[in-house]
Amino acid sequence: MSRIKIVWTGEGTYPYVTGGVSTWADILMHELKNIDFVLVPIQMHPFVKVKFNIPPNVVDIINVPLWGTEEPIEYIRKVEFSKIYEAKIKTQNENHMNVLRPMMILVLDHIYRNKEDLNGLGDSIYEFYEYFQTYDYHETFRSEELWEIYKEYILEHFKGVEEDVPSVFDMIEGLRYLYRFFISLLPTLPEAHIYHSSAAAFCGLSCIIAKKKYGSKFLLTEHGVYIREQYLANSRNQTPYRTKEFLMGLITLVSKLNFHFADIVSPVCNYNARWEKKWGVDEAKIQTIYNGIDTNVFKQFDVEKEDDRPTVVMVARIDPLKDIETYIRTAEIVRREVPNVLFKLYGPIVDEKYYHICQNLVDELQLERNFSFAGLTSSPQTAYNEGDVVMLTSISEAFPFVVIEAMACEKVVVSSDVGGTKEVLEDYGFVVKPKDYQEFADKVLYVLKNPEIAKDMGMDARQSILNGFTIEDMVESYGKVYKDLYVEFMNEKGKEWR
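Residues numbered from 1 in each chain as written. Predicted model: local features only at pLDDT ≥ 70, side-chain atom pairs only at ≥ 80, totals over all residues. Heavy atoms only, no water.

Student: Residues and numbers for the overall build of the protein chain, please.
Tutor: If you tally the helices and strands in the protein chain, you get 19 helices and 13 strands. Here the protein chain has a C-alpha radius of gyration of 24 Å; the compact-globule value for 498 residues is 23 Å, and the two agree. The burial tally for the protein chain puts 56% of its 498 residues in the buried class. Excluding contacts between residues fewer than 6 apart, the proportion of contacts in the protein chain whose partners are at least 24 apart in sequence is 73%. About 22200 Å² of surface is accessible on the protein chain, with carbon and sulfur atoms providing 48% of the total. For the protein chain, the separation between the mean place of its 55 positive charges and that of its 75 negative charges on side chains is 2 Å. (Helix = DSSP H or I, 4+ residues; strand = E, 2+ residues; numbered from the N terminus. Rg over C-alpha atoms; globule rule 2.2 N^0.38 Å. Buried < 20%, exposed > 50% of the residue type's maximum accessible area, 1.4 Å probe, protein only. Contact = heavy atoms within 4.5 Å. Areas by Shrake-Rupley, 256 points an atom, 1.4 Å probe, with all protein chains shown as cover. Lys, Arg positive; Asp, Glu negative; His and termini not counted. Charge placed at Lys NZ, Arg CZ, Asp CG, Glu CD.)

Student: Can you lay out the side chain of Glu-71 for me, pointing to particular residues and giving the numbers?
Tutor: Tracing the backbone through its elements, the reader meets Glu-71 in the loop between strand 4 (64-65) and helix 2 (81-93). Judged by its relative accessible area of 17%, Glu-71 falls in the buried class. Not counting residues up to four positions away in its chain, the partners in contact with Glu-71 are Ile-84, Lys-88, Asp-136 and His-138.

Student: Give a description of the packing of helix 3 (residues 97-111) against helix 10 (residues 241-261) that names residues and reports values.
Tutor: One way to put it is that helix 3 packs onto helix 10 with a least axis distance of 8 Å and a crossing angle of 105 degrees. When the axis of helix 3 is compared with that of helix 10, the two are roughly perpendicular. Across from Val-107, Leu-108, His-110 and Ile-111 in helix 3, the residues of helix 10 making contact are Phe-246, Gly-249, Leu-250 and Leu-253. Taken together, the residues of the contact of helix 3 with helix 10 sort by class into six nonpolar, two polar and no charged. (Axes fitted to C-alpha atoms, helices over the stretch in contact; angles between N-to-C directions. Parallel < 35°, antiparallel > 145°, perpendicular 65-115°, else oblique. Nonpolar A, V, L, I, M, F, W, Y, C, P; charged D, E, K, R; others polar.)

Student: I'd love a proper account of helix 18 (residues 451-466), names of residues and values included.
Tutor: Taking 1.5 Å of rise per residue, the 16 residues of helix 18 would be expected to cover 22 Å, and the 23 Å separating its terminal C-alpha atoms lies within 8% of that figure. Where helix 18 is concerned, the buried positions are Ala-454, Met-457, Gly-458, Ala-461, Arg-462, Ser-464 and Ile-465. Down the axis of helix 18, the buried side of the element spans an arc of 155 degrees, and every buried residue falls inside it. For helix 18, exposure combined with an orientation more than 90 degrees from the buried face picks out Glu-452 and Lys-455. Where helix 18 is buried, its residues meet helix 15 (401-408), helix 16 (421-425), strand 13 (430-432) and helix 17 (437-449). (Expected span 1.5 Å × (residues − 1). Arc of directions from axis to C-beta.)

Student: Which residues make up the packing of aromatic side chains, and what values go with them?
Tutor: Per the stated rule, a full pass over the model turns up 34 aromatic pairs. Seen in terms of ring centroids, Tyr-137 and Phe-141 are 4.9 Å apart; in terms of plane orientation they differ by 45 degrees. Their pairing is tilted. Note that Tyr-137 and Phe-141 are positioned in helix 5 (residues 137-141) at a spacing of four residues, about one turn of the helix. Given the relative accessible area of 8%, Phe-141 is considered buried. The residue whose ring lies beneath Arg-329 is Tyr-437, and the NZ or CZ to ring-centre distance is 5.9 Å. (Phe/Tyr/Trp six-rings, centres within 6.5 Å; stacked < 30°, edge-to-face > 60°. Lys NZ or Arg CZ within 6 Å of the ring centre and 35° of its normal.)

Student: Help me get a handle on unusual backbone geometry, residues and values and all.
Tutor: The peptide bond linking Tyr-14 to Pro-15 adopts the cis configuration, its omega dihedral lying at 0 degrees. Mapped onto the fold, Pro-15 is located in the loop between strand 1 (4-11) and helix 1 (20-31). Its identity as a non-glycine residue notwithstanding, Asp-323 has a phi of 50 degrees, on the positive side. Of note, Asp-323 is situated in the loop between strand 8 (311-315) and helix 12 (324-337). You can call Asp-323 buried: its relative accessible area is 2%. Positive phi is not limited to glycine here, since Glu-410 has a value of about 65 degrees. Mapped onto the fold, Glu-410 is located in the loop between helix 15 and strand 12 (413-416).

Written as structure tokens, this is what we have:
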């Protein structure tokens, strides 16, 4: 059997951002040494640094920055400026709106739920991709002709609506969303046996295009439920309603396309599978593969603790989805009974505004001596072992690494009941309703006051991880899926494969 070639795609994760999805990807790249990987990471901007040691079987990285570039393809394709200039002139001089119009209208039909034709929409996405291999992306989107197609559609769609019609701002923002997110269509995609997306998101569009262009197999792994998390995130922002409606329509159509065209959908927990079925995924193509960890790294060991204080630890980025405020409020309740308790939060600041909200809450509750923003840690196993209890207060998760890592370190975990957390934690820790800081505090106090029970629970928790959530388990499962998809591809396209 020849070496399997896989193109892996992701958004805001590996290899430039740390976190659960990046940890998962890094494990796969390092452990599956007999597979060649090409990475197609979608980034916020091009000025980011690699945070991981890239293994030699990663043979190429095609970066796709959405912001921070004057010319969208500047950092995506390795082309001479003369070629960019030629494409601009070609775009300016040729009338191509008869090609763009039906593609654009079909996208808008799905954004506003006027049509449900995912096969046709997939064809249009592929046609957009081929179009932008010849014509200039920036010139196309700034053309008056495209604006007129877009504007006419919006005006016709809202004809007869008297209240809350889209403003000029709404319309401009909608086209800007298309411009930014469709940059994900610009990389020149390599031939590969398999395309593997880490989310049912814009990073999955490359997989759909490769499926149509090369017959590549499409594997979709859902860590969080992307569409659910986007609804949660957008419910909190102050974007005007019609702008938000357009954005969520765009995100919904992209998620539906991913689910429709994926050959296998591999959620990281059964909880995610329930959402995927709800969005129309055929149960026959769902294969749950749990995350796994290195239990030789994540294990119990002694560490120095600050003044030997009772310590609670959480490892999470500072982000509203992690609900740091509940962690802080839990600290205030626990302090009433354990005055010298220390709550430590390890994790990067990804939302500066939310970080200041959390800082102000610490000050308001006078927790300066009981709460520590400990920053990003390069050794989460050490952080877990500092704690007498490990907490997770997220309002949305899939199957969080922090829970299984802490369990492997023989720690009692108190987590919010989100995603697939209950699938691994029930009977070995405590699962609490999200945002219920009183219940969180009650469970933490129980663990702190009963160290012998906590010790036994921790030992049982580690054993449960050893019985099904190791790196070996995860890698074996993905290796099998990759091999099965490779065999399917070769049976269908082997004679054409170059």
